[in-house]
Amino acid sequence: MTEIRPSNRCIDGLLMGMKSGTTLVSRLVGHYSEWIGRGLLRAGDRLPSVRQCALLHACRASRCQRAYDRLVASGLVESHVRGSGARCASS
């Protein structure tokens, strides 16, 4: 299982988007989509909990939940029951 840890580059990348006018939720979706696309997160890997995501990215948990909901809708992430966590979808 892959453990996701914050890095200055990760947080700086999300903050840089603030200048471009994109929403934090969109930046989070892009961030996790990129990690999945690069293979840093593979099928079955758990994403951080919503609370951990909020701590990692210094934002509200509701923003992370919205981002996760969008990732589920896009098919990149699976989440069967609220509270059970989110995992990268099988290819």
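Preceding block: the structure.
Keep in mind the model is a prediction, meaning the values are calculated, not measured. (Residues numbered from 1 in each chain as written. Predicted model: local features only at pLDDT ≥ 70, side-chain atom pairs only at ≥ 80, totals over all residues. Heavy atoms only, no water.)

**Description of the nonpolar core**
Leu 28, Tyr 32, Leu 41, Leu 47, Tyr 68 and Leu 71 are the most contacted members of the largest nonpolar core, which totals 20 residues. At the level of elements, α2 (24–38), α3 (50–57) and α4 (61–74) are the ones that each hand at least two residues to this core. Ranked by residue count, the leading element in this core is α2, at seven residues. Setting aside its immediate chain neighbours within four residues, Leu 47 contacts Tyr 32, Leu 41, Tyr 68, Leu 71, Val 77, Ala 86, Arg 87 and Cys 88. (Core = buried A, V, L, I, M, F, W, Y, C linked by side-chain atoms within 4.5 Å. Buried < 20%, exposed > 50% of the residue type's maximum accessible area, 1.4 Å probe, protein only. Helix = DSSP H or I, 4+ residues; strand = E, 2+ residues; numbered from the N terminus. Contact = heavy atoms within 4.5 Å.)

**Looking at the packing of α2 against α4**
Relative to each other, α2 and α4 sit at 50°, their axes nearing to 9 Å. Considering their axes alone, α2 and α4 lie oblique with respect to each other. Crossing of α2 against α4: the hand is right-handed. Between α2, through Leu 24, Val 25, Ser 26, Leu 28, Val 29, Tyr 32 and Ser 33, and α4, the contact on the second element is made entirely by Arg 63, Cys 64, Arg 66, Ala 67, Tyr 68, Arg 70 and Leu 71. Classifying every residue of the contact of α2 with α4 gives nine nonpolar, two polar and three charged. (Axes fitted to C-alpha atoms, helices over the stretch in contact; angles between N-to-C directions. Parallel < 35°, antiparallel > 145°, perpendicular 65-115°, else oblique. Left-handed = near helix turned anticlockwise from the far one by under 90°. Nonpolar A, V, L, I, M, F, W, Y, C, P; charged D, E, K, R; others polar.)

**Regarding the packing of aromatic side chains**
The tally for this structure, following the rule as stated, stands at two aromatic pairs. Look at Tyr 32 and Trp 35: their rings are 5.7 Å apart centre to centre, the planes differ by 80°, and that puts the pair in the edge-to-face class. Of this pair, Tyr 32 and Trp 35 both sit in helix α2, separated by three residues, roughly a single helical turn. The pair Tyr 32 / Trp 35 is uniform in exposure class, with both members buried. Geometrically, the ring pair formed by Tyr 32 and Tyr 68 is edge-to-face, given 6.0 Å between the ring centres and 85° between the ring planes. Of this pair, Tyr 32 sits in helix α2 while Tyr 68 is found in helix α4, placing the two residues 36 residues apart along the sequence. Tyr 68 matches Tyr 32 in its accessibility class, with the two residues each being buried. (Phe/Tyr/Trp six-rings, centres within 6.5 Å; stacked < 30°, edge-to-face > 60°.)

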